[in-house]
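# Inside the fold
Here is what each chain is made of, one letter per residue.
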Amino acid sequence: MGDLVLGIETSCDETAAAVVEGRDTIRSNIVASQAKVHALYGGIVPELASRRHLEMIAPVIRLAVQEAGIAFNDLTGLAVTAGPGLVGSLLVGVSTAKALAYTLQKPLAAVNHIEGHLYAVLLEHPQLEYPFVALVASGGHTHLYHAERPGVYRLLGATRDDAAGEAFDKVATLLGLPYPGGPHIERAARTGDPRTVPLPRPTIGHGSLDFSFSGLKTAVIHALEARRHRVPRRGGGIRRADPEADRLDPQLVADIAVSFQQAVVDVLTRNTIKAANRVRAGRILLTGGVACNQTLRQHLADRALQDGIAVYWPRPELCTDNAAMIAAAGSARLQRGDVAPLDLNASADLPLA
Ligand code: KG4
Ligand code: ZN
């Protein structure tokens, strides 16, 4: 039997615990999502998130150990997300993990959440070799990394404003779609016509691999303003619809959804391919919640193939936040003897590179 590591993840709005054996066997993977709590507000409310983590953390950990069919004492070690994320949320996981490590007298690994997302891909493809370029695209991050070997990462590019997932969520809200918006935009896009509402492909220029998505969101606001209040007037022309009768036309929602999705996909693909070619990496990892998007997967894989580059992504439940990826990253750290001290603190902006 390989090492058994308990992973704990509370950086954002999922309370998660998982047991991973060795490099690639998920013995349990429990995720208690708070999405419904935050959906009412159209985004994450930090105070509510930490309170909910406090309520859920003990039962979620207990269930993860139970479902793995082990006892706490069978664990080789523990791993916890120490950052980046919401500090109040992170602290719930970090203090619980430290208390457990101390009580059980087991080593604890401090894991960077973004490194966790990389290990989600490595869990699924354990034979994957370094070096590679990774695009981490989620609600909180849009980062391009060059990983030369395990634990050695160089940041090649990042968003200068909104994260890709955040842009999906904000545009979904504008379109009257539920939170989190990514999957809803993807669904709406299926019946849209991408030619109806042309949107820009924001560039930073000067050879930069950074991203910017806030201009795209503004372009969607303008496109909506230009179209939503126009209803045909009897005898021709247009008039402003009265606000009560103002519901977005489902076809307009679909047209904007497909056009927006394609713009984000184009920009993510362009910079990721550029990054891989720049550092001569033959492998690209695609991970984070936005990596669930089928159009992004397909488009990036097709484009990479033209340059002889292979693209890897995890199954959907490993793309979004989970603790299996934290256990896997922690397991690798523990094997390298990288044990966290028991005065470990959470860090809201913990850098990876
Ligand atoms: O990795 P994740 O669960 O949490 C963060 O670390 O942020 O990512 C959640 C984000 C949300 O913004 C959500 O809208 C986006 O991933 N997302 C998607 C899709 N599924 C989830 N974005 C585009 N298309 C999807 N199918
Ligand atoms: Zn994440």
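Here, every reference points to the structure presented above.
Bear in mind that the values here come from a model prediction, so they are computed numbers and not experimental data.

### Some points on the pairing of strand β8 (residues 152–158)
For strand β7 (residues 142–149) and β8, the ladder comprises six bridges, and the chain directions are antiparallel. Along β8, the bridge assignment pairs Leu 144 with Gly 157. A loop of two residues connects β7 with β8, the two strands running antiparallel in sequence, and Gly 151 in this loop sits at a positive phi of about 85 degrees.

### Section: unusual backbone geometry
Of note, the bond from Tyr 130 into Pro 131 is cis; its omega dihedral lies within 30 degrees of zero at -5 degrees. Its location among the elements puts Pro 131 in the loop between α4 (113–124) and β6 (132–137). The omega torsion of the bond from Tyr 179 to Pro 180 falls at -10 degrees, within 30 degrees of zero and hence cis. Within the secondary structure layout, Pro 180 lies in the loop between α5 (164–174) and α6 (182–189). Unlike most non-glycine residues, Gln 105 shows phi in positive territory, near 55 degrees.

### Overview of the site of ligand 1
Around ligand 1 sit 20 residues in total, of which Gly 139, Asp 169, Gly 182, Glu 186 and Asn 293 are the nearest. Within the side chain of Glu 186, a nitrogen or oxygen atom sits 2.7 Å from a nitrogen atom of ligand 1. Here an oxygen atom of ligand 1 and a backbone polar atom of Gly 289 are 3.1 Å apart. Protein contacts shield 91% of the accessible area of ligand 1, which totals 550 Å² for the unbound molecule. Of the pockets mapped on this structure, ligand 1 occupies the largest pocket. Among the secondary structure elements, those contributing two or more residues to the shell around ligand 1 are α4, α5 and α6. In terms of residue class, the shell around ligand 1 is made up of six nonpolar, eleven polar and three charged.

### Let's talk about the nonpolar core
Ranked by size, the top nonpolar core spans 51 residues in total, and within it Val 133, Leu 144, Phe 213, Phe 260, Val 264, Leu 268 and Ile 284 carry the most contacts. When contributions to this core are tallied by element, the ones reaching two or more residues are β6, α5, α6, α7 (214–228), α8 (250–278), β11 (283–287) and α9 (294–306). No other element matches α8, which puts 14 residues into this core. Val 20, Ala 79, Ala 134 and Leu 318 belong to the second-largest nonpolar core, a separate cluster that totals 33 residues.

Thresholds, definitions, all that
Residues numbered from 1 in each chain as written. Chains lettered and ligands numbered in written order. Predicted model: local features only at pLDDT ≥ 70, side-chain atom pairs only at ≥ 80, totals over all residues. Heavy atoms only, no water. Pairing = 2+ DSSP bridges. Helix = DSSP H or I, 4+ residues; strand = E, 2+ residues; numbered from the N terminus. Near = heavy atom within 4 Å. Polar contact = N/O pair within 3.5 Å; in protein donor to acceptor, adjacent residues only side chain to side chain. Areas by Shrake-Rupley, 256 points an atom, 1.4 Å probe, with all protein chains shown as cover. 1 Å grid on protein atoms, 1.4 Å probe; cavity = no way out; pocket = protein on both sides within 12 Å on 5 of 7 lines; lining within 4 Å. Sits in = over half its atoms within 2 Å of the grid points. Nonpolar A, V, L, I, M, F, W, Y, C, P; charged D, E, K, R; others polar. Core = buried A, V, L, I, M, F, W, Y, C linked by side-chain atoms within 4.5 Å. Buried < 20%, exposed > 50% of the residue type's maximum accessible area, 1.4 Å probe, protein only.

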